[in-house]
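Residue strings, one per chain:
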Amino acid sequence: MWYKTVKAARIRLFDFPGIFFNGYSKMLMKKSLSSAASGSPKTAIMMMNMGGPQSLDQVSTYLTRIMTDTDMMQLPVQGVLGPYIAKRRTASVQKKYDEIGGGSPILKWTKLQGELLCQKLDQVSPETAPHKYYVAFRYVDPLTNSTLEQIEKDGVERVVLFSQYPQYSCATSGSSFNAIYNHYMNRNFPSNIKWSLIDRWSTHPLLVRTFADRIQTELKQFPKEKRNEVVILFSAHSLPLKAVNRGDPYPSEVGATVQLVMNELGYCNPYSLVWQSKVGPLEWLGPFTDDAIRAYVKQGKKNFILVPIAFVNEHIETLHELDIEYCQDLGKEVGAECIRRAAAPNDHPLFISALTDIVATHLKSEQKVNPKFLTRCPHCTNKNCYEAKQWFAKICQATA
Ligand code: FES
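Numbering of residues starts from 1 in each chain and follows the order in which that chain's sequence is written. Local features in this predicted model are restricted to residues whose pLDDT is 70 or higher, and side-chain atom pairs enter the listing and the counts only when it is 80 or higher, whereas totals over whole chains, interfaces and linings include all residues. The side-chain values count all of the structure's non-hydrogen atoms but skip hydrogen atoms and water molecules.

Put simply, DSSP H or I for four residues or longer makes a helix, DSSP E for two residues or longer makes a strand, and each gets a number counted from the N terminus. Looking only at helices and strands, one finds 16 helices and eight strands in the protein chain. Considering only contacts in the protein chain between residues 6 or more positions apart, those separated by 24 or more positions represent 79%. Accessible surface is estimated by sampling points in the Shrake-Rupley manner with a 1.4 Å probe; for residues, cover comes only from the protein chains shown. Only carbon and sulfur atoms are counted for the fraction: they give 53% of the accessible area of the protein chain, which is about 17,600 Å². By definition, residues are in contact when any of their heavy atoms lie within 4.5 Å.

One speaks of a salt bridge when a side-chain nitrogen belonging to Lys or Arg is within 4 Å of a carboxyl oxygen belonging to Asp or Glu. A complete count under the given rule lists 15 salt bridges for this structure. Measuring nitrogen to oxygen at the nearest pair gives 3.5 Å for the salt bridge that ties arginine 138 to aspartate 69. A residue pair is termed long-range when its members are at least 10 positions apart, and arginine 138 in the loop between strand 2 (131-137) and helix 6 (144-154) and aspartate 69 in the loop between helix 3 (59-67) and helix 4 (78-99) qualify at 69 residues. With its nearest N and O atoms 3.2 Å apart, the salt bridge here joins lysine 383 to glutamate 387. On the criterion of helical spacing, the pair formed by lysine 383 and glutamate 387 is a turn pair, its members being four residues apart in helix 16 (residues 383-395).

This part is about unusual backbone geometry. With an omega of -5 degrees, the peptide bond running from aspartate 141 to proline 142 counts as cis. Within the secondary structure, proline 142 sits in the loop between strand 2 and helix 6. Glycine 286 connects to proline 287 through a cis peptide bond whose omega is 0 degrees. Residue placement: proline 287 occurs in the loop between strand 6 (271-276) and helix 12 (289-298). Phi angles above zero are rare outside glycine, and tyrosine 267 is one such case at about 45 degrees.

A helix is expected to reach a length of 1.5 Å times the quantity of its residues less one. Here helix 13 (residues 316-334) spans only 23 Å end to end across 19 residues, well under the 27 Å set by a 1.5 Å rise per residue. Here helix 13 has its buried residues at Ile316, Glu317, Thr318, His320, Glu321, Leu322, Ile324, Tyr326, Cys327, Leu330 and Gly331. In this structure, the buried residues of helix 13 make contact with helix 4, strand 5 (231-237), strand 6, helix 12, strand 7 (303-308) and strand 8 (338-341). Looking one or two residues beyond helix 13, the residue adopting positive phi is glycine 335, at roughly 80 degrees. Burial status follows relative accessibility: with a 1.4 Å probe on protein chains alone, a residue under 20% of its type maximum counts as buried, one over 50% as exposed, and anything between as partly exposed.

So, on to the confidence of the model for the protein chain. On average, residues of the protein chain carry a pLDDT of 90, and 90% of them reach 70 or more. Ignoring residues within four places in sequence, the model shows residues 1-37, a span with pLDDT below 50, making 49 contacts including any to other chains. Every residue is assigned a pLDDT by the predictor, reflecting its confidence on a scale from 0 to 100.

Turning to the packing of aromatic side chains, a few remarks are in order. Only centres within 6.5 Å qualify two rings of Phe, Tyr or Trp (six-membered ring in Trp) as a pair; their planes then separate them into stacked at under 30 degrees, edge-to-face at over 60, and tilted for everything else. Counted under the stated rule, the structure contains 18 aromatic pairs. Seen from their ring centres, phenylalanine 162 and tryptophan 201 are 5.7 Å apart, and the 50 degrees between their planes marks the pair as tilted. With phenylalanine 162 in strand 3 (residues 158-163) and tryptophan 201 in the loop between strand 4 (194-198) and helix 8 (205-219), the pair connects residues that are 39 residues apart, well separated along the chain. In terms of burial, phenylalanine 162 and tryptophan 201 fall into one category: buried.

Summarising the element assignment, histidine 204 is placed in the loop between strand 4 and helix 8. As used in this structure description, the phrase polar contact means that two N or O atoms lie within 3.5 Å; if the pair is within protein, one of them must be able to donate a hydrogen and the other to accept it, and residues adjacent in sequence are counted only when both atoms belong to side chains. A distance of 3.0 Å separates a polar side-chain atom of histidine 204 from the backbone nitrogen of leucine 206.

The next subject is the packing of helix 8 against helix 11 (residues 250-264). At a minimum axis distance of 9 Å, the contact between helix 8 and helix 11 shows a crossing angle of 60 degrees. The orientation of helix 8 relative to helix 11 falls into the category oblique. The chirality of how helix 8 crosses helix 11 is right-handed. Counting all contacts with helix 8, which are made through Leu207, Val208, Arg209, Phe211, Ala212 and Ile215, the residues of helix 11 involved are Thr257, Leu260, Val261 and Glu264. Just so you know the grouping, Ala, Val, Leu, Ile, Met, Phe, Trp, Tyr, Cys and Pro go in nonpolar, Asp, Glu, Lys and Arg go in charged, and all remaining residues, Gly too, go in polar. Of the residues belonging to the contact of helix 8 with helix 11, the class tally is seven nonpolar, one polar and two charged. To obtain an axis, a line is fitted to C-alpha atoms, over the contacting stretch when the element is a helix, and the angle between two such axes runs from 0 to 180 degrees between their N-to-C directions. Working rule for angles: under 35 degrees goes down as roughly parallel, over 145 as roughly antiparallel, 65 to 115 as roughly perpendicular, anything else as oblique. Take the far helix as your reference; a near helix turned counterclockwise from it by less than a right angle gives a left-handed crossing, and one turned clockwise gives a right-handed crossing.

Our next topic: the sheet that holds strand 5. Paired strands are those between which DSSP finds at least two bridges. If you walk across this open sheet you meet the four strands as 6-5-7-8, and the pairing is parallel. In this open sheet, the two strands that pair with only one neighbour each are strand 6 and strand 8. Looking at each pair of strands side by side, their axes are set apart by 25 degrees on average, direction ignored. Here strand 7 runs beside strand 8; their pairing, made up of four bridges, is parallel. Looking at strand 8, one finds that asparagine 303 is bridged to cysteine 338. Docked against the sheet, helix 13 engages strand 5, strand 6, strand 7 and strand 8, running at close to 175 degrees with respect to strand 8.

If you want it as structure tokens, here you go:
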């Protein structure tokens, strides 16, 4: 992949940005700071994610948008069944959000990540500064449509569409990209802006180091004599097997991250990749996180670290499902000694350096879009995917 060209030396420079500058970049930076002061960003970094309800009264709309998104899932008579399922699930999902403080912290984390990212980008990429981040959520405010309108209003020269899912799935990243295509099908496209996209970054070395550091922090919490026995369970959101068999790249990309993290840790502990958050009656990719904990306890394992390997910030799946349902309730039920959870990357300095390096490398690259993104899953039957990819190839001046 394109980001494999990242050199270790570059990474060290990003850790110490002061070393990176020469006279020319300082001059550019001064120029960019004056533009920033005038309030006109040059480069928009659109941070795309699914989002989460900020308050309990947003839960119903949020669920309805998910259940009626035909890129996310395909249901029979979806226009009727989707809202029906959303309505039935609203109260129980509201209860979960209530138990984690009344709403999702995903917006708070994304804003902080965006702020820190743009501060660093202004330093390491003065020629594209000032940078401004924009949050584009798929199912809750700030929604993709309104964010795109804001970007146009701000009069930027360039937009980088930056998926906040490190591993690409057609149900999540793909849906967010298709939403941009859908938006411009109904209005004029601003062809004066330069467009490019970052669709996946599952093997970025600084992402890997972030997860490794989060795991090491948790390992240290176990007594020395137990530390080597701790089972590291990498937990990612599952997918219906139907999607996996269509050729969705997500499972293999999650696996790639896991292998690199364990390599970084020198394969210090036993580990397994497990899958969480299954809903509905369809067959989903397993083994499931809760079943795996149960089974390992039966095998005599008593200590675990759960690692949310496909989430870059805390939200309901980490704060409720992993922390409350598994670490706390399930741990007690099955008689585990200790189940801890590694924090999501959030504002870890290595993670902010990862985001910076990914975007800075992309801004310098000639490649505006990854050819993998422009190629559909081998068994994709979604017309929207076909049309969206043709359109993205056009706006990024590539060949689909
Ligand atoms: Fe993967 Fe359409 S489902 S490209």
